[in-house]
Amino acid sequence: MAKEKKDFIKIAVMGGDGTGPEVVREGLKVLETVSKIENFKYELVNYDLGAERYLRTGEVCPDSVVEELRKFDAIYLGAVGHPDVKPGILEKGLLLKLRFELDQYINLRPVKLYPGVDCPLKDKGPEHIDFVVVRENTEGIYTGMGGVQYKGMPSEVSTQVNCTTRFGAERAVRFAFDYCRSRNNPKKQVTLVHKTNVLTFAGDTWFRAFNEIGEKEYPDIKRDYNHVDACTMWFVKNPEFYDVIVTDNLFGDIITDLAAMIQGGLGVAAGGNINPNGVSMFEPMGGSAPKYMGKNIINPIAAIGAMGLLLREAGQENAGNKIEAAIMKTTPKMKSQSAGKMGFSTSELGDLVAKTVTEL
Ligand code: IPM
Ligand code: MN
């Protein structure tokens, strides 16, 4: 989508935990190089959010920090997570809090198999795997609606509500159709993924929003529908079916992890939590990988790719394209996408992508 081009980009940087800061460093290296070539300026402000701060202070993400973050153009996140922090604390207190508070209602996950990257699917190459998942990012089962009663008793009961609104489905669907137009892939097709055969209420809201909006506002785009379980089969058997997928929050969470594997793993998969009219947050999909921390062996390609997405969202389309092109020239030189087996260190790869950007 044509974005207003920002010539000065204010970026909040959250390296986070484990290997997060190491991969973020390489993304920032490539940012520095590409900004000179494309002639834009930026400002970086570091935020020490994550497990380390939580363990030290008991604070995850104070409201005052959220208010500060509203003033940025984008957030660049490494990873959060630590073996000493109970599951759910950082996820809810930081990642989901930012998604919800900043209304980052789209989770955008390009799924592209870069040249030279090992794909676990037999007989599939870069020409077969090039699609985008548009995941609704603020509703569904993630809202935390519901509760538990009689906890610890034999009669314990818990509910977790799948909150679907027509408004939420509509804005995700429009984003997906617009994105499909701007991608200009010859397939020109958006696939809705849900489970309408069982979730006959929420699924129907999505189905009608998708078809009514598609028919009226996007007659140039083909519409298709998959049940989510079938979609996971097609990802493995015929990933070339897809151009753009739009789906609900939890289904999107699950299928994008599968998608990350068919594109070569978490070392390459990048994503964005997007508020098209606000502050968006970009991140490599991999976690904090504590066992690789400080060894300079983690793959920074996903983090560099996330910087490419960030720049596109800031309207620096050429810069984003250059980063992607440089990544595509770098991946064939790598022995593997796995930490420690790449044939390069983390910082060497950052150097290589940055150098390649200058040679395009
Ligand atoms: C993701 C992650 C998050 C999610 C977790 C960490 C809350 O798995 O970004 O896909 O479930 O959305
Ligand atoms: Mn996930």
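Predicted, not measured: the structure shown is a model, and the values here were computed from it. (Residues numbered from 1 in each chain as written. Chains lettered and ligands numbered in written order. Predicted model: local features only at pLDDT ≥ 70, side-chain atom pairs only at ≥ 80, totals over all residues. Heavy atoms only, no water.)

**Points about the nonpolar core**
Part 1 of the argument: In terms of nonpolar packing, the biggest core is built from 81 residues, with Tyr76, Phe131, Val134, Val190, Phe235, Val246 and Leu311 touching the most fellow members.
Part 2 of the argument: Those residues in contact with phenylalanine 131, other than ones at most four positions away along the chain, are Arg109, Pro110, Val111, Arg183, Phe235, Pro239, Tyr242, Asp243, Ile245, Ala259 and Ile262.
Part 3 of the argument: Met14, Cys61, Leu102 and Val279 belong to the second largest nonpolar core, which has 22 residues in total. (Core = buried A, V, L, I, M, F, W, Y, C linked by side-chain atoms within 4.5 Å. Buried < 20%, exposed > 50% of the residue type's maximum accessible area, 1.4 Å probe, protein only. Contact = heavy atoms within 4.5 Å.)

**Notes on the domain arrangement of the protein**
Part 1 of the argument: For the protein, the assigned domains read domain 1 (1-114 + 266-360) and domain 2 (119-263).
Part 2 of the argument: If you look at the interface, domain 1 gives 22 residues, while domain 2 gives 28 residues.
Part 3 of the argument: Surface buried jointly by domain 1 and domain 2 totals about 2400 Å² across both partners, of which 62% is contributed by carbon and sulfur atoms.
Part 4 of the argument: Our count for the domain 1 to domain 2 interface comes out at one salt bridge. (Domains from an automatic or database assignment. Buried area = accessible area lost by both parts, 1.4 Å probe. Salt bridge = Lys/Arg side-chain N within 4 Å of Asp/Glu carboxyl O.)

**Topic: the site of ligand 1**
Part 1 of the argument: The environment of ligand 1 is made up of Glu91, Leu95, Arg99, Arg135, Tyr142 and Asp253.
Part 2 of the argument: The side chain of arginine 99 places a nitrogen or oxygen atom 2.7 Å from an oxygen atom of ligand 1.
Part 3 of the argument: Contact distances for ligand 1 include 2.7 Å between an oxygen atom and a side-chain N or O atom of arginine 135.
Part 4 of the argument: By residue class, the composition of the shell around ligand 1 is two nonpolar, no polar and four charged.
Part 5 of the argument: Built from parts of two domains, the shell around ligand 1 gets at least three residues from each of domain 1 (1-114 + 266-360) and domain 2 (119-263). (Near = heavy atom within 4 Å. Polar contact = N/O pair within 3.5 Å; in protein donor to acceptor, adjacent residues only side chain to side chain. Nonpolar A, V, L, I, M, F, W, Y, C, P; charged D, E, K, R; others polar.)

**Here we look at the environment of arginine 171**
Part 1 of the argument: Mapped onto the elements, arginine 171 comes out in helix α5 (residues 166-183).
Part 2 of the argument: Classification of arginine 171 as buried rests on a relative accessible area of 15%.
Part 3 of the argument: Sequence spacing of arginine 171 and glutamate 136 is 35 residues, and the spatial spacing of their C-alpha atoms is 8.7 Å.
Part 4 of the argument: A distance of 2.9 Å separates polar atoms of two side chains, one belonging to arginine 171 and the other to aspartate 103. (Helix = DSSP H or I, 4+ residues; strand = E, 2+ residues; numbered from the N terminus.)

**What to know about the pattern of salt bridges**
Part 1 of the argument: Evaluated as defined, the whole model comprises 29 salt bridges.
Part 2 of the argument: One salt bridge connects arginine 135 with aspartate 253, and the closest N-O pair in it is separated by 3.6 Å. Taken as a pair, arginine 135 in strand β5 (residues 130-136) and aspartate 253 in helix α8 (residues 249-262) lie far apart in primary sequence, 118 residues in all.
Part 3 of the argument: Look at arginine 135 and you get buried, because its relative accessible area is 4%.
Part 4 of the argument: Between glutamate 170 and arginine 166 there is a salt bridge, and its shortest N-O distance comes to 2.8 Å. Of this pair, glutamate 170 and arginine 166 both sit in helix α5, four residues apart, which is roughly one turn of the helix.
Part 5 of the argument: Where salt bridges share partners, they join Asp48, Glu52, Arg53, Arg56 and Glu59 into one cluster.

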